[in-house]
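Working through the structure, step by step
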Amino acid sequence: MEAVKIIFLLVPLCFLEVADATGINPCCHYPCQNKGICVNIGKEDYECDCTRTGYYGVNCSLPSFWSQIHTFLKPSRSFVHHMLTHYKWFWDILSGISFIRDSIMRHVLTERSNLIPSPPTYNSDYNYLSWEGYANVSYFTRLLPPVPKDCPTHAGTVGYKDLPDAKQFAEEFLLRRKFIPDPQGTNVMFAFFAQHFTHQFFRTDFDRGPGFTKALGHGVDLTHIYGYSLERQHQLRLFKDGKLKYQVVNGEVVPPSVKDAPIKMKYPKSLPEEKRLAFGHDLFGLVPGLMLYATVWLREHNRVCDILKKEHPTWSDEQLFQTTRLILTGETIKIVIEDYVQHLSGYHFKLTFNPELLFSEHFQYRNRIAVEFDHLYHWHPLMPDSFIVKGQEFPYEEFLFNTDILLNFGVEALVESFSKQRSGRIGGGKNIHKNILHVAIGVIEHGRQLRLQPFNQYRKWFGLTPYKSFQELTGETEIAAQLEKLYGHIDAVEFYPALMLERPYQDATFGESMVEMGAPFSLKGLLGNPICSPDYWKPSTFGGKTGFDIVNTATLEKLVCLNVKKCPYVAFRVPYDIESKDHTKIYPGQVRDCFV
């Protein structure tokens, strides 16, 4: 047994460029395979805990009989993705047969969700199981523990001791030279939805460090609509009929001003007070896209309150408010799965939101946001070079903190314009606008601060084959050669940079890793919401059949069209008849029914 350990430990030494093997923490070599856990024994020895991995042996590398059968029968991820994104006629037939559709959807949900540990395992200060790591929700959780501090390189033992400068790296590999449109036809409406939706649970507490979060709800709790504290919520509420405060400007219902809802918002001092709108999230005054969604949800909340008030005239303001919040939570999850994720996946199989599919499964209705999910979701390449509203172009300098765009153009114009403007491709690199490149630089620096394990270790965790070369990662030779000079070995490449530079699927927004890593986090977070549990998922939770029907029939189009005077073109992809060299301009003659 000891001989096997010695042989294994010698294997990575051919890649070690910074230190002698003597005295190195053996866990820096990642000796334990197939999710086995490395435990230090003494100063230079280790053992692998292979419990419930389906593997055994010194390094958890020997499969059990059933693991061999499962591996043999299981199709590759690339094959499954190919099947789901091709043969539309086949998936149309299956989607029409309810018991087959439900069986496939149940398999998708369970297989994806089981990849995310629940309860959580690690955080940024504890690379072993601890009560603090479990109970302290002010931490982001961690899928993989941090690289041990006593390892000779950032990646463990491979690669160079010094990492490339984050700013220079971003400018070389991530900065946009020319806008690269998303080949799936994804639009700016989608980009702003992603931003507004994730801001409720991605709230890094930079005062404490990048491993901490201010979003203690760790999931879909609509704090971006209702405020992240009870005090903020009360300032936003009307305390009549369950409704939220609002004002009417140019005949349109919009959020209240900070004068009427005195909460802390992040606006520049130069912005007049009367133009400062109050939102649940203190950063939603940043761009009109976030203001747009906040306005639509405000209107939806008050619309649902009117419906519930009519049906339950004896209900108190508090019950109307709380029940409406649950309804909007359900609407959000349904729209995210059936519109947002459906578009993002590119799958021809129709995804459905049906919590009952998991009622017979072992499923925990509690979620914790992982720091890897937070880093993975920095999709800033989606943003275009400028923003077009009713044919008028706004560069970033004129778009930021410009509440006049919402107040003067109105919701209908913004929805139609954002739905018809193409967003950028996320994967493949070199597509982040210069005005927001600093965010990507920050993510790289935070990943190093958090000592995230290298990219290939995450590939292994999610059951993906580790990349063997930089060419295999990027799908070309020029960038691959540059990366090799910077990192020295493919197993040393960092998590976020690799996600951004990975070769995208053909005609897709990004590559394999983003899909296979992002989906489990997303689906676990959505279906782990308490409203999806057996005790909550029933009509009475939502005020009876009427409220339950609002949840079960929600779509992006209904959300918008039930809250505007005239229904605009609304979707997460541009209409098929838009033709433009740079895919950013709006042309006349576009009709809303061209979207299928």
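Residues numbered from 1 in each chain as written. Predicted model: local features only at pLDDT ≥ 70, side-chain atom pairs only at ≥ 80, totals over all residues. Heavy atoms only, no water.

Points about the overall build of the chain
Secondary structure summary: the chain contains 24 helices and eight strands in total. Against the compact-globule benchmark of 25 Å for 596 residues, the chain has a radius of gyration of 25 Å, which places it among compact chains. Counting only C-alpha atoms and orienting by the principal axes, one finds that the chain spans roughly 80 × 50 × 50 Å. Counting all 596 residues of the chain, 57% fall into the buried class. Looking at the chain as shown, the accessible area adds up to about 26300 Å², and 55% of this sits on carbon and sulfur atoms. Taken together, the 63 basic and 65 acidic charged side chains of the chain have centroids lying 4 Å from each other. (Helix = DSSP H or I, 4+ residues; strand = E, 2+ residues; numbered from the N terminus. Rg over C-alpha atoms; globule rule 2.2 N^0.38 Å. Buried < 20%, exposed > 50% of the residue type's maximum accessible area, 1.4 Å probe, protein only. Areas by Shrake-Rupley, 256 points an atom, 1.4 Å probe, with all protein chains shown as cover. Lys, Arg positive; Asp, Glu negative; His and termini not counted. Charge placed at Lys NZ, Arg CZ, Asp CG, Glu CD.)

Some words on the pattern of salt bridges
Applying the stated rule across the entire model yields 22 salt bridges. Where Arg142 meets Glu372, a salt bridge forms, and the shortest distance between an N and an O atom there is 3.9 Å. You can see Arg142 sitting in the loop between α6 (131-135) and α7 (166-173) and its partner Glu372 sitting in helix α13 (residues 371-376), a full 230 residues away along the chain. Of the charged contacts in the structure, one is a salt bridge between Arg299 and Glu252, with a shortest N-O distance of 2.7 Å. With Arg299 in helix α11 (residues 288-311) and Glu252 in strand β6 (residues 252-254), the pair connects residues that are 47 residues apart, well separated along the chain. (Salt bridge = Lys/Arg side-chain N within 4 Å of Asp/Glu carboxyl O.)

Focus on the state of the cysteines
Following the criterion strictly, the structure yields five disulfides and no others. Across the disulfide, Cys27 is cross-linked to Cys38 (sulfur-sulfur distance 2.0 Å). Across the S-S bond of Cys27 and Cys38 the torsion is about -85°, and the bridge reads as left-handed. With Cys27 in the loop between α1 (2-10) and β1 (37-41) and Cys38 in strand β1, the pair connects residues that are 11 residues apart, well separated along the chain. The disulfide partner of Cys28 is Cys151, and the S-S distance across this bridge is 1.8 Å. Across the S-S bond of Cys28 and Cys151 the torsion is about -95°, and the bridge reads as left-handed. Taken together, the positions of Cys28 in the loop between α1 and β1 and Cys151 in the loop between α6 and α7 put the pair 123 residues apart, joining distant regions of the chain. For the pair shown, Cys28 and Cys151 are each scored as buried. (Disulfide = S-S within 2.5 Å.)

Description of helix α12 (residues 317-345)
Under the 1.5 Å per step criterion, the end-to-end length of α12 is 40 Å for 29 residues, consistent within 8% with the ideal 42 Å. Considering bend angle alone, the principal kink of α12 is centred on Val336 and spans about 35°. Counted residue by residue, α12 has 24 buried out of 29 residues, so it is predominantly covered. Phi for Gly346, located one or two positions after α12, is positive at around 75°. (Expected span 1.5 Å × (residues − 1). Bend = angle between axes of the 7 residues up to and from the residue.)

Observations regarding the packing of helix α4 (residues 88-95) against helix α5 (residues 98-113)
The contact between α4 and α5 brings their axes to 7 Å, and the two run at 105°. Here α4 is positioned roughly perpendicular relative to α5, judged by the angle of their axes. Residues Trp91, Leu94 and Ser95 of α4 form the contact with α5, whose own contacting residues are Ile100, Arg101 and Ile104. Residues that form the contact of α4 with α5 fall into these classes: four nonpolar, one polar and one charged. (Axes fitted to C-alpha atoms, helices over the stretch in contact; angles between N-to-C directions. Parallel < 35°, antiparallel > 145°, perpendicular 65-115°, else oblique. Contact = heavy atoms within 4.5 Å. Nonpolar A, V, L, I, M, F, W, Y, C, P; charged D, E, K, R; others polar.)

Considering unusual backbone geometry
The omega angle of the peptide bond from Ser118 to Pro119 is 5°, so this bond is cis rather than trans. Along the polypeptide, Pro119 turns up in the loop between α5 and α6.

A short note on helix α16 (residues 411-419)
Extensive coverage of α16 is indicated by the burial of seven of its nine residues. Buried within α16 are the following residues: Val411, Ala413, Leu414, Val415, Ser417, Phe418 and Ser419.

Section: empty space enclosed by the protein
Under the counting rule described, the total for this entry stands at five cavities of 30 Å³ or more. Along the walls of the largest cavity sit 19 residues, with Val341, Leu344, Val515, Gly518 and Ala519 positioned nearest its centre. Elements with a contribution of two residues or more to the lining of the largest cavity: α5, α12 and α22 (512-527). Residue contributions to the lining of the largest cavity peak at six residues, all from α22. Of the residues that constitute the lining of the largest cavity, the class distribution is 15 nonpolar, three polar and one charged. For the second largest cavity, the calculated volume is near 140 Å³. Ile225, Phe279, Gly280, Ala294 and Leu298 are, among the 16 residues lining the second largest cavity, the residues nearest its centre. Going through the elements one at a time, α9 (223-226) and α11 are the ones with two or more residues in the lining of the second largest cavity. Sorting elements by how many residues they give to the lining of the second largest cavity places α11 first, with four residues. Looking at the lining of the second largest cavity residue by residue, the class counts come to 12 nonpolar, three polar and one charged. (1 Å grid on protein atoms, 1.4 Å probe; cavity = no way out; pocket = protein on both sides within 12 Å on 5 of 7 lines; lining within 4 Å. Points joined across faces, edges and corners; volume = space filled by probe spheres on them.)

Observations concerning a nonpolar patch on the surface
Together, Phe65, Trp66, Ile69, Phe72 and Leu73 line one region of the surface with nonpolar side chains, adding up to about 670 Å² of accessible area. Within the element layout of this structure, Phe65 appears in helix α2 (residues 65-73). (Patch = residues over 30% accessible without salt bridge, like charges linked within 9 Å, V, L, I, M, F, W, Y side chains within 5 Å.)

What about the environment of Phe197?
Along the chain, Phe197 turns up in helix α8 (residues 188-198). Once the C-alpha coordinates of Phe197 and Phe349 are considered, the two residues, 152 residues apart in sequence, prove to be 24 Å apart. If sequence neighbours within four positions are ignored, Phe197 has contacts with Val220, Thr332, Val336 and Leu526.

Observations regarding the side chain of Lys243
Secondary-structure assignment places Lys243 in the loop between α10 (230-236) and β5 (247-249). With a relative accessible area of 17%, Lys243 lands in the buried category. Contacts of Lys243, omitting those with residues within four sequence positions, involve Arg237, Leu238, His301, Asn302, Cys305, Asp306 and Asp317.

Here we look at the nonpolar core
Judged by nonpolar contacts, the single largest core of 151 residues is most densely connected at Leu174, Tyr340 and Trp379. Of all the elements, α12 adds the most residues to this core, at 11 residues. With eight residues, the next largest nonpolar core counts Cys32, Cys50, Val58 and Cys60 among its residues. (Core = buried A, V, L, I, M, F, W, Y, C linked by side-chain atoms within 4.5 Å.)

Some thoughts on the confidence of the model for the chain
Summarising the model, the chain shows a mean pLDDT of 91, and 93% of its residues fall at 70 or more. Scored below 50 in pLDDT, residues 579-596 shows 31 contacts in the model against residues more than four places distant or in partner chains. (pLDDT = per-residue confidence, 0-100.)

Considering the packing of α7 against helix α20 (residues 478-487)
It is at 12 Å that the axes of α7 and α20 come closest, and there the two elements cross at 170°. As far as their axial angle goes, α20 and α7 are roughly antiparallel. Between α7 and α20, the residues in contact are Phe169, Glu172 and Phe173 and Ile479, Gln482, Leu483, Leu486 and Tyr487, respectively.

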